[in-house]
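Listed below, chain by chain, are the residues.
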Number of protein chains: 2
Amino acid sequence: MLFEIETPAVLVDLDIAEANIDRFQAYCRLHDLNCRPHIKTHKLPVLAQRQIAAGAVGITCQKVSEAEAMIADGGIDDVLLTYNVIGAGKLSRLRALAERVTLAVVADNSQVVAGLSEAFAAGGRPLSVLVECDTGAHRCGVASPAAARDLAVTISRAPGLVFKGLMTYPPVGAAAAVQAFMTEAKALCEQAGLTVSVISSGGAPDMWNAHQAPIVTEYRSGTYIYNDRSLVSRGVCQWSDCALTVLATVVSVPEAGRAIIDAGTKVLTSDLLGLQGYGHVLGRPDLMIDQLSEEHGRITAKGATGLAVGQQIRIVPNHACVVSNMVDAVYALRGDKVEGAVLVAARGKVQ
Amino acid sequence: MLFEIETPAVLVDLDIAEANIDRFQAYCRLHDLNCRPHIKTHKLPVLAQRQIAAGAVGITCQKVSEAEAMIADGGIDDVLLTYNVIGAGKLSRLRALAERVTLAVVADNSQVVAGLSEAFAAGGRPLSVLVECDTGAHRCGVASPAAARDLAVTISRAPGLVFKGLMTYPPVGAAAAVQAFMTEAKALCEQAGLTVSVISSGGAPDMWNAHQAPIVTEYRSGTYIYNDRSLVSRGVCQWSDCALTVLATVVSVPEAGRAIIDAGTKVLTSDLLGLQGYGHVLGRPDLMIDQLSEEHGRITAKGATGLAVGQQIRIVPNHACVVSNMVDAVYALRGDKVEGAVLVAARGKVQ
């Protein structure tokens, strides 16, 4: 079939996305976990609203500007910002955000806590703050349960702030480490007289193992709504569960074993996530997207590619989240039927 | 110094960019080469106009939508689209574009030529077409001088089209291959009664060697206006010639040897271009940006990073062109003085 859409284009099959939402929500319900989707994968208010309708307790964003874009249409009243917010401009916008939704942020150091406190001490709703903990990913996060307790105490004493709990973004396969760190940190916080009402963990690759750290009360997953080649390669889902694809056109077939498509890094990005090649051509596991430049993708095969100039192909990208960020709009489909273009409201919101 | 700009932000030093424009224009003038800058690097009409004012004969774009965005403000009346244009929607827009500017496109196969001819045969200005030749990069392009001649003949006989010349995007270090291919292709075209009025080559890494293929009449370079870490690593320029930098803030220093900044792949991208790490921290060659996620960058050092929470750093990215595509606006500077935000008019124009 030929889609009557100019290429390259990002397609989102809503039937698949909705099934993915419902499946993970059912898993969370079964294990008494709150589901708090990370909107970075879709950046679409309409899909966040669908996640809330299915039972999500709220959304996760990384940046103030993302949250602003996501709540503009209404229907979302609970946001967790899993980022150290720094600087007068962002703090001012954070304060405005806190007047509109139930808001929590994270912090992993006392300078960030001091900035948050200064911004929220003047009045208005107090801000809920979770302590970000490093359970092995070595990105942000306090390094030990004792350090988590210390920062929790600092937060609890800071004017304008309320200590709400603990948060982590663990590496894959770290359920035991999360359970151990959080159990100890929670006990230390309670010994200090604090209440730990939320323990938030996340990560799509391990989402079906979230119950293996039963101390966790809330799980943040982003990619589960679309899935992608990286999750298929990890055995987390099947190709038929991949809601986001890139529609591309073959523009050149210089030799039998090489074809060039009109999708390069400007749509597929350079993200490899440990994989070889830049995506999976649906229905053609024999093809390799072996090289990208900005506007060209090169497809090779051991024999002939069998591709012809003008032919359309659909690609499951390595990483769905970053592809959503490359385009102003995605095309919503149900199966073969195009429902229309949807603006990616939170695209490019880096601040 | 501290820039009063929310981070992450893309900064463009206009003094450096203008010096880069003038330096390469002077080189082209010295070697009697037409300079046709690729706008993919900046995507800003105001800088394309500056390139034209310095002596460029026109601009290079890859996509119809880029060209539309670049000419909207006026001041640019000559566009080469170095891409196989396919599909009714794009061809219709291409026809409209040809009424507004002096336009040429490339083709490397007869299906593309047939589509162009069908769109332009109906009347209006005829379209100039160059044959794209593969001189070793193995992306698009006809494989041999004889194939170039054959396609040139096809173009010359196609209603609505005018054969204009030959174009190539060679691999680095291929001046001799370009000279040999183009000399033979030009002779074959002339034997067939055709005039080859343009031979267009390009590529920033080899821009100072463009004169080594003297048959080339026109050179397309994009990155020379900003430069980047990849070009510094190749010895093409110095750090002080890099006009585009990413301003980032340190948001966490979990241990002495590790700091986290608020710039990840959503600004710096995952492009490695064969390098290790994701950018160069200006003034701190001892620091390594060793890992990016979407909104976080991890900086490590052999000893302590010496970075503090809240501190700003400036990063020369591996690849300037793809960074321009990640943000709605860049900040124009002259030295330490911020002149203001400039919308990236041709950002995200993938079609």
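Notes on the structure in this doc start here. (Residues numbered from 1 in each chain as written. Chains lettered and ligands numbered in written order. Predicted model: local features only at pLDDT ≥ 70, side-chain atom pairs only at ≥ 80, totals over all residues. Heavy atoms only, no water.)

Some points on the interface of chain A and chain B
How big an interface is tends to be stated in terms of the accessible area lost upon association of its parts.
Phase 1 of the analysis: In this assembly, 57 residues from chain A lie in contact with 57 residues from chain B.
Phase 2 of the analysis: When chain A packs against chain B, the two sides together hide about 4600 Å² of surface, and 45% of this comes from carbon and sulfur.
Phase 3 of the analysis: Seen at the junction of chain A and chain B, the total is 12 salt bridges.
Phase 4 of the analysis: Between chain A and chain B we count 41 residue pairs in polar contact (both at pLDDT 80 or more) in total. (Contact = heavy atoms within 4.5 Å. Buried area = accessible area lost by both parts, 1.4 Å probe. Salt bridge = Lys/Arg side-chain N within 4 Å of Asp/Glu carboxyl O. Polar contact = N/O pair within 3.5 Å; in protein donor to acceptor, adjacent residues only side chain to side chain.)

Concerning the environment of S221(B)
All names here are of chain B.
Phase 1 of the analysis: Along the polypeptide, S221 turns up in the loop between β9 (218–220) and α8 (229–233).
Phase 2 of the analysis: Residue class for S221 comes out buried when judged on its relative accessible area of 1%.
Phase 3 of the analysis: Distance from S221 to I261, taken between C-alpha atoms, is 32 Å for residues 40 residues apart in sequence.
Phase 4 of the analysis: Beyond its immediate chain neighbours, meaning those up to four positions away, S221 contacts F24, R36, P37, H38, A204 and M207. (Helix = DSSP H or I, 4+ residues; strand = E, 2+ residues; numbered from the N terminus. Buried < 20%, exposed > 50% of the residue type's maximum accessible area, 1.4 Å probe, protein only.)

Side note on the sheet that holds strand β5 (residues 102–107) of chain B
Residue and element names in this part refer to chain B.
Phase 1 of the analysis: Taken in spatial order, the 8 strands make up an open sheet running β2-β9-β8-β7-β6-β5-β4-β3, and their pairing is parallel. The sheet is open, and its two borders are formed by β2 (34–35) and β3 (59–61), each paired with just one other strand.
Phase 2 of the analysis: Bridge analysis of β3 against strand β4 (residues 78–81) gives 3 bridges, and the strand direction is parallel. Looking at the pairing, T60 lines up with L80 of β4.
Phase 3 of the analysis: This element, helix α4 (residues 88–100), spans β4, β5 and β6 (127–133) of the sheet and lies at about 140° to β5.
Phase 4 of the analysis: Helix α5 (residues 110–120) rests against β5, β6 and β7 (161–168) of the sheet, and its axis sits at about 150° to β5. (Pairing = 2+ DSSP bridges. Axes fitted to C-alpha atoms, helices over the stretch in contact; angles between N-to-C directions.)

Brief notes about α5(B)
In an α-helix there are 3.6 residues to a turn, and that puts residues three or four apart on one side.
Phase 1 of the analysis: Turning to α5(B), its buried residues number three or more, namely V112(B), V113(B), G115(B), L116(B), S117(B), A119(B) and F120(B).
Phase 2 of the analysis: The backbone nitrogen of Q111(B) has a side-chain oxygen 3.2 Å away, supplied by the residue at the start of α5(B), namely N109(B).

Topic: the packing of helix α6 (residues 145–157) of chain B against helix α7 (residues 175–191) of chain B
Residue and element names in this part refer to chain B.
Phase 1 of the analysis: As a packed pair, α6 and α7 sit with axes 8 Å apart at the nearest point and diverge in direction by 40°. Regarding the angle of α6 to α7, the classification is oblique. Two packed elements cross with a definite hand, and for α6 against α7 that hand is right-handed. Mapping the contact onto sequence places P145, A146, A148, R149 and A152 in α6 and F181, E184, A185, L188 and C189 in α7. (Parallel < 35°, antiparallel > 145°, perpendicular 65-115°, else oblique. Left-handed = near helix turned anticlockwise from the far one by under 90°.)

Section: the side chain of H38(A)
Residue and element names in this part refer to chain A.
Phase 1 of the analysis: Position of H38 among the secondary structure elements: in the loop between β2 (34–35) and α2 (45–54).
Phase 2 of the analysis: On the basis of relative accessible area, H38 is assigned to the buried category, the value being 8%.
Phase 3 of the analysis: A polar side-chain atom of H38 sits 3.2 Å from the main-chain amide nitrogen of K40.
Phase 4 of the analysis: Ignoring any residue separated from it by four or fewer positions in sequence, one finds H38 in contact with T60, C61, Q62, T82, S221 and G222.

Notes on the sheet that holds strand β9 (residues 218–220) of chain A
Residues and elements named next belong to chain A.
Phase 1 of the analysis: The sheet built from 8 strands is open, its strands ordered β2-β9-β8-β7-β6-β5-β4-β3 with parallel pairing. Strands with a single pairing partner mark the edges of an open sheet, and in this sheet they are β2 and β3 (59–61).
Phase 2 of the analysis: By the bridge criterion, 7 bridges tie strand β6 (residues 127–133) to strand β7 (residues 161–168) in an arrangement that is parallel. Residue pairing for β7: E132 is matched across the bridge by M167.

Looking at the relation of the copies chain A and chain B
Phase 1 of the analysis: For these two chains of identical sequence, chain A goes onto chain B by a turn of 180° and a shift of 0.0 Å along the axis, with RMSD 0.0 Å. The superposition operator between the copies reduces to a two-fold rotation axis. Of every C-alpha in chain A, the one belonging to S270(A) sits nearest the axis of rotation, 2.6 Å from it. (Least-squares fit on C-alpha atoms with pLDDT ≥ 70 in both.)

That is the geometry; function is a separate question.
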